[in-house]
Amino acid sequence: MTRKIKVAVVGLGKMGLSHFSIVNAHPQVECVACDATGFLIDVLGKNVKNKLYKSYDKMLEEETLDAVVIATPSRHHATMVRAALDRGIHVFCEKPFCLDWREGDALAQLAEEKGLIGQVGYHYRYVGAFREMQRILETGALGTVHHVLAEAYGPVVLRPKRQTWRTQKAEGGGCLYDYAAHPLNLLNWVFGAPQVVSGSSLNSIFSTGTDDAVISSLKFPGGASAQLSVNWSDESHRKMSTKLSFIGTNGRMNVDRQECQIYLRKASDAFPDYKEGWSVRYTTDLTEDPWFYLRGEEYSAQIADFVEAVAAGETTARENGFRSAAMTDQTISMIVDDAGRPGSAAVTPAPAVVATKDSGGRGWRSLFGR
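Keep in mind the model is a prediction, meaning the values are calculated, not measured.

So what's going on with the overall build of the protein? Which residues, and what values?
Regarding its fold elements, the protein presents 10 helices and 14 strands. By residue count, 57% of the 370 residues in the protein fall in the buried class.

Give me the environment of T283: which residues, what numbers.
The residue T283 is located in helix α8 (residues 283-286) in this model. The spacing of T283 and V255 is 28 residues in sequence and 9.9 Å in space, taken between C-alpha atoms. If near-sequence neighbours (up to four positions away) are discounted, T283 is found in contact with V127, G128, A129, D256, R257, Q258 and E259. One polar contact links the side chain of T283 to the main-chain carbonyl oxygen of R257, over a distance of 2.6 Å.

I'd like to hear about the nonpolar core, residue by residue, with values.
Within the largest apolar cluster, 81 residues are counted, with the highest numbers of intra-cluster contacts made by Y56, M59, M133, F246, M253 and F322. If you tally residues by element for this core, the top one is helix α7 (residues 175-191), at 11 residues. A domain-level breakdown of this core finds at least three residues from each of domain 1 (5-123 + 291-318) and domain 2 (125-290 + 329-347). Leave out the neighbours within four places in its chain, and F246 touches M133, L137, L142, V145, H147, V148, V190, F191, G251, R252 and M253. Core analysis: the next-biggest nonpolar cluster, separate from the first, contains 25 residues, I22, L52, V69 and I117 among them.

Please give an account of the packing of aromatic side chains that cites residues and values.
Inspection of every chain in the model, using the stated rule, returns eight aromatic pairs. Geometrically, the ring pair formed by Y179 and W232 is edge-to-face, given 6.0 Å between the ring centres and 70 degrees between the ring planes. Here Y179, found in helix α7, pairs with W232, found in the loop between β10 (225-231) and β11 (241-248); they are 53 residues apart in sequence, far enough to count as distant.

So, how was this worked out
- Residues numbered from 1 in each chain as written.
- Predicted model: local features only at pLDDT ≥ 70, side-chain atom pairs only at ≥ 80, totals over all residues.
- Heavy atoms only, no water.
- Helix = DSSP H or I, 4+ residues; strand = E, 2+ residues; numbered from the N terminus.
- Buried < 20%, exposed > 50% of the residue type's maximum accessible area, 1.4 Å probe, protein only.
- Contact = heavy atoms within 4.5 Å.
- Polar contact = N/O pair within 3.5 Å; in protein donor to acceptor, adjacent residues only side chain to side chain.
- Core = buried A, V, L, I, M, F, W, Y, C linked by side-chain atoms within 4.5 Å.
- Domains from an automatic or database assignment.
- Phe/Tyr/Trp six-rings, centres within 6.5 Å; stacked < 30°, edge-to-face > 60°.

What follows is the structure, given as structure tokens:
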């Protein structure tokens, strides 16, 4: 077992509390936490022994940290990540990374210059079926892939209701940033950045001023075209469901959280695990049990990867690095730009906001629980 490291979890909303529980239970970690919501800190303080802070600045000044896990609303990410990197602290940041992809690129450059790990929480890359998907495509077993359908559906906004940061575009919310980012990140993983984005539509179903459904077409280097279809106002799904379907010259593949289905016209020497015709592999068979487990294999695995890389003195993320996340941010920006062109059906996106410590009292001292 390598040395213990000190990790701070910042932002104790839905995802932040999940990360806090995982990080706090990790045997290699000494954990502190921070959230600007005084009531939350007061309640949590009665139930845990960890040192808790209401001020991000104060925590950075008083603690000697090896790493931070940032799970605040997205508009705070760029400033908070930079503050940590400037102090030589490794960073795990929730997705989406930055509202302005150029900020993400600059932070990736800064992390590389300082030899610091920068990782972003696109957890689907730790799901067994999607990892198998990436391996199959990398070998070329499907031949030349020419068509992809990338989908995500779920029951997030099912009626008009009071806005939260997740449904405010300026906070980094909305279906595009919160839901579509996941299949887009998987597309970036296997194809890189798109060359062209067209036919984009950001549609409001129940929300005011933000999107509940996203449609777009993306053209990638090498000739593959992808159709993106995402809707978080779909009550036919009990929870978020993400699926990618690939059609190539030697067959097709359908992948979701549960399984990887592949049809090969001819068996491929590049990937002998699959025979001609249909084959099915399940996530339960494709996932290596993490040595450390809490909540789910993919969530445990990504935090374990981050913690172990920091403890081992590594200088780059093992998966989901800042560069990759900035590529997804850029893809999102291309969709927003395309949807805003004349003739496109779209809600009017609010301008991106980059938080600063003095932004009208709403910097990272505001309610930043994710």
